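One letter stands for each residue in the lines below.
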There are 2 protein chains.
Amino acid sequence: MTQTQWFPVAGVKLAAIEAGIKKANRKDLVVIELAEGGRAAGVFTTNRFQAAPVQVARRNLQQSAPRYLMINTGYANAGTGDKGFAYCEETCLLLSELAHCAPSEVLPFSTGVIGQTFPMKPFEEGLPRALESLDEHGWGRAAEGIMTTDTVPKVASRRVELDGKTVTITGMAKGAGMIKPNMATMLGFIATDAAVAQPLLDQWVKRLADASFNRITVDGDTSTNDACLLIASGRADVAIDDGDSRPAALLYEALEAVFVELAQALIRDAEGASKFVSIEVAGARSDRDAQIVAETIGHSPLVKTALFASDPNWGRILAAVGRAPIDTLEVEKVGVWLDDVQIVAEGGVADSYTEEQGARVMARPDITIRVDLGAGEGRGQVWTCDFSYDYVKINAEYRT
Amino acid sequence: MTQTQWFPVAGVKLAAIEAGIKKANRKDLVVIELAEGGRAAGVFTTNRFQAAPVQVARRNLQQSAPRYLMINTGYANAGTGDKGFAYCEETCLLLSELAHCAPSEVLPFSTGVIGQTFPMKPFEEGLPRALESLDEHGWGRAAEGIMTTDTVPKVASRRVELDGKTVTITGMAKGAGMIKPNMATMLGFIATDAAVAQPLLDQWVKRLADASFNRITVDGDTSTNDACLLIASGRADVAIDDGDSRPAALLYEALEAVFVELAQALIRDAEGASKFVSIEVAGARSDRDAQIVAETIGHSPLVKTALFASDPNWGRILAAVGRAPIDTLEVEKVGVWLDDVQIVAEGGVADSYTEEQGARVMARPDITIRVDLGAGEGRGQVWTCDFSYDYVKINAEYRT
């Protein structure tokens, strides 16, 4: 597991406390402090019903460089109208007064049940305690504090040498269910101590999210509360202003490794998942077409239940390819592989294929489904999981 | 149940036999004979991977008025390439020789596992027996004969007086899983003894499918083998040539009732379904927008698992509305009702709403989710079901 191997990031302190927001005896309130001079950039859910904290965090991020991030579980504070918005502002004000900063320097994040506002008292009692326990070594506890139906905390970390200086990148994320491309109920907070220029940070967080969190899907549902923040504290004395420079490339590569590790960790811990499945589509007319085909396969409940059953029912993969909403598809050019085993050639079952070969691959916990459309150079990729009894169980019983 | 209440249609005979195509002791081969002078029109799957029988039936239907429909379960004969196509033609030839008609007067239909061709011997041995047992009273047995994971045969029937003469409409369908708008693994065969003009029949079958089978969704997957045939035997001595006439309107209405009853019966018997859910969206800018929103809700695994749990988790409905791929959505205008209970007003929880009210509706076996977008006059509708443990079980174990 990755969650025990991480490095602190200078200029970034974290605290996680049991505030009793919804349930007793669990960490449910996390505060992250960013030292003065730090910068941040974010991407947020594309769902039109944006939770109050998403609206507030977006606005505040445009007004100021953040000093504090505040994350609660238990209540999503979405679908709560003006009242939810006022509650959210109230918690930001509370923290800003305790920490002596402007309310707009606080970014709020919430995850949990939609449609109910949270009680204020746990924030009033909890925030002072949280501020007292801020610690650069708090990543592990904070990663626990943002969990909902996750079964393990998710932290990833890298160190890289830039111009003879060590730069650290550490991030944490939560996810579990309701995950699909375009930021579905997931929260991700990734920090580096390099001093990355703001325009670069804005650009990078989008590219990095596209290459990681936007490639994962559990059930095709997109939440009201997703957010992913990229933080640069600037404490490492390495300034990255030119995106085309060698240090920028090295830093970006290390950031991408952290983003991808976190995204894949979300899938490995997805609700009820028993298999990690990478779907790689090549030979499409465009990258966009390839991505659409990959997502259609990745969202198919029939493909996902076959994966759960370790059944090489490749007809379901073919049926998903055939209904993907792309303009043209030459079925007689389509090839499909499960890991190294070719199951479909020229749109039909491959001559060399045997059920035994398919069953052998399907028994593995990590499987790659590779599709070649034979029509061009476009490529796409999705990471997903199977669909199990436990998915239904967890989601049927979520609120009880 | 509807399957025992049906009237024979003059000029349409059916037979269902145990041919041993895949399993012993089950009806798996159905033949429908249409008397000379009859007409038919059809709609077929939109999946690009079209099974061999879909390709052959489409082609034959363009060449000739059909005399025989032949339906087998066990094997879908999809993804089987040239070999599957040749096998399919072979079975049509076989039946045409036995029945003394042209091969193009036979329409083949298959449903079952994708990617394997069927054995020929059961057809050779079974078709003569099927032809011997053709009977106008064969609807019930034929409806059993086309079942796969269906648990009950589905037949619907109506009689209507046109110009003082009795006209009969009887139809059967199979579905169960893999059902979504645009003809997903479902077969439907609906016959009337009226003499409907061919252009009208062609037009009607599309409109009728759009108002019935294309409104149902179980899991968003679209199969390679769907087909829906509308047959007019012409034996009732009532000719319908003018679509705007009063008899045409009455006949269409009765046809629609049969199509809708069959479509809803597929949902009621969907794999693992415990609830019948009608999703009605109004107030959209266009009918198309409304339909997209209805389908997005109807496909959401999170909404469907909440329905299974009888949990009025309306936040998941709101989240589905918010991610529906339509151009504009004014979230503060959205209202949501469960049956008669308003749960969302102006984009947030309704003041009058209590969890008890929601729970009371959710406990019902039939539920209507009504959404008003407050933006126009567009309307859409989807019939769907919940998502249960049994859905996963049935689909994980389908081939074993």
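Residues numbered from 1 in each chain as written. Chains lettered and ligands numbered in written order. Predicted model: local features only at pLDDT ≥ 70, side-chain atom pairs only at ≥ 80, totals over all residues. Heavy atoms only, no water.

**Section: the side chain of B:Asp226**
Link 1 in the chain: Note on placement: B:Asp226 falls in the loop between α5 (198–210) and β10 (227–232).
Link 2 in the chain: Notably, B:Asp226 is buried but unbridged: the nearest opposite-charge side chain belongs to B:Lys174, and the N-O separation is 7.3 Å. (Helix = DSSP H or I, 4+ residues; strand = E, 2+ residues; numbered from the N terminus. Buried < 20%, exposed > 50% of the residue type's maximum accessible area, 1.4 Å probe, protein only. Lys, Arg positive; Asp, Glu negative; His and termini not counted. Salt bridge = Lys/Arg side-chain N within 4 Å of Asp/Glu carboxyl O.)

**Topic: the nonpolar core**
All names here are of chain B.
Link 1 in the chain: Core analysis: the largest hydrophobic core is formed by 42 residues, its most contacted members being Ile 190, Val 196, Trp 204, Phe 213, Leu 230, Ile 240 and Leu 251.
Link 2 in the chain: Sorting the residues of this core by element identifies β3 (39–44), β6 (154–162), β7 (165–174), α5, β10, α6 (246–268) and β17 (378–385) as the ones contributing at least two each.
Link 3 in the chain: Counting residues per element, this core draws most heavily on α6, at twelve residues.
Link 4 in the chain: Those residues within four positions of Leu 251 in sequence are excluded, and the remaining contacts are Leu 162, Val 167, Ile 169, Thr 192, Ala 194, Val 196, Trp 204 and Ile 240. (Core = buried A, V, L, I, M, F, W, Y, C linked by side-chain atoms within 4.5 Å. Contact = heavy atoms within 4.5 Å.)

**As for the environment of B:Asp289**
Residue and element names in this part refer to chain B.
Link 1 in the chain: Tracing the chain through its elements places Asp 289 in helix α7 (residues 287–299).
Link 2 in the chain: Separated by 35 residues in the primary sequence, Asp 289 and Ala 324 place their C-alpha atoms 8.9 Å from one another.
Link 3 in the chain: With sequence-adjacent residues up to four places away left out, Asp 289 is seen in contact with Ala 284 and Ile 326.

**So, the sheet that holds β17(B)**
Through backbone hydrogen bonds, the strands of a sheet pair up, either in parallel or in antiparallel fashion.
Residue and element names in this part refer to chain B.
Link 1 in the chain: The strand order β15-β14-β13-β16-β12-β17 describes an open sheet built from six strands, whose pairing is mixed. Taken across any chain shown, the strands that pair with only one partner, and hence form the sheet edges, are β15 (348–349) and β17.
Link 2 in the chain: Note: strand β13 (residues 335–338) against strand β16 (residues 366–372), four bridges, orientation antiparallel. Residue pairing across strands places Trp 337 opposite Arg 370, the latter belonging to β16.
Link 3 in the chain: Contacting β12 (276–284), β16 and β17, α6 crosses the sheet at an angle of about 45 degrees to β17. (Pairing = 2+ DSSP bridges. Axes fitted to C-alpha atoms, helices over the stretch in contact; angles between N-to-C directions.)

**Concerning unusual backbone geometry**
Link 1 in the chain: In this model, A:Glu346 sits at a positive phi of 50 degrees, which is unusual for a non-glycine residue.
Link 2 in the chain: With respect to the element layout, A:Glu346 can be found in the loop between β15 (341–345) and β16 (348–349).
Link 3 in the chain: Located in the positive-phi region is B:Asn77, a residue other than glycine, with phi close to 50 degrees.
Link 4 in the chain: With respect to the helices, strands and loops of the structure, B:Asn77 is situated in the loop between β4 (68–75) and α2 (81–99).

**Observations concerning the pattern of salt bridges**
Link 1 in the chain: Under the defined criterion, the tally for this structure stands at 24 salt bridges over all chains.
Link 2 in the chain: Between A:Lys154 and A:Asp269 there is a salt bridge; the shortest N-O distance is 2.7 Å. Of this pair, A:Lys154 sits in strand β6 (residues 154–162) while A:Asp269 sits in the loop between α6 (246–268) and β13 (276–284); the two residues are 115 residues apart in sequence, bridging distant segments of the chain.
Link 3 in the chain: Overall, A:Lys154 belongs to the buried group, its relative accessible area being 2%.
Link 4 in the chain: The residue B:Asp340 makes a salt bridge to B:Arg364 at a minimum N-O spacing of 3.9 Å. Taken together, the residues span a long stretch of sequence, with B:Asp340 in the loop between β13 and β14 (341–345) and B:Arg364 in the loop between α10 (355–362) and β16 at a distance of 24 residues.
Link 5 in the chain: The exposure class assigned to B:Asp340 is exposed, which follows from its relative accessible area of 58%.

**Observations regarding the domain arrangement of chain A**
Link 1 in the chain: If you check the domain split of chain A, you get domain 1 (12–268) and domain 2 (276–396).
Link 2 in the chain: A separation of 33 Å is found between the C-alpha centroids of domain 1 of chain A and domain 2 of chain A. (Domains from an automatic or database assignment.)

**Quick notes on the pairing of strand β2 (residues 29–34) of chain A**
All names here are of chain A.
Link 1 in the chain: By the criterion of burial, β2 is predominantly enclosed, with six of the six residues buried.
Link 2 in the chain: Judged by which residues are buried, β2 turns out to be covered on both faces: Leu 29, Val 31 and Glu 33 on one side and Val 30, Ile 32 and Leu 34 on the other are all buried.
Link 3 in the chain: With six bridges joining them, strand β1 (residues 12–17) and β2 adopt antiparallel strand pairing. Paired with Ile 17 across the strands is Leu 29, a residue of β2.
Link 4 in the chain: Relative to strand β4 (residues 68–75), β2 runs antiparallel, the two being bridged by five bridges. When the sheet's bridge partners are listed, Glu 33 is paired in β4 with Tyr 68.

**Section: helix α9 (residues 314–323) of chain B**
Link 1 in the chain: With nine of its ten residues buried, α9(B) lies for the most part within the structure.
Link 2 in the chain: Inspection of α9(B) places B:Trp314, B:Gly315, B:Arg316, B:Ile317, B:Leu318, B:Ala319, B:Ala320, B:Val321 and B:Gly322 among the buried residues, and these make up the whole buried set.

**A few points about the sheet that holds β4(A)**
All names here are of chain A.
Link 1 in the chain: Strand order in this open sheet of four strands is β1-β2-β4-β5, and the pairing throughout is mixed. Of all the strands in the sheet, just β1 and β5 (106–113) have a single pairing partner and so form its edges. Pairs of neighbouring strands in the sheet enclose a mean axial angle of 15 degrees, with direction left out of account.
Link 2 in the chain: Bridge count between β4 and β5: eight bridges; the pairing is parallel. Bridge pairing in β5 links Asn 72 to Ser 110.

**A closer look at α6(A)**
Link 1 in the chain: Relative to the 33 Å expected for 23 residues at 1.5 Å per residue, α6(A) spans 33 Å between its end C-alpha atoms, a close match to the ideal helical length.
Link 2 in the chain: By the N-cap criterion, in which a side-chain oxygen at the helix start approaches the backbone nitrogen of a residue two or three places on, α6(A) is capped by A:Ser245, the distance to A:Ala248 being 3.2 Å. (Expected span 1.5 Å × (residues − 1). Polar contact = N/O pair within 3.5 Å; in protein donor to acceptor, adjacent residues only side chain to side chain.)

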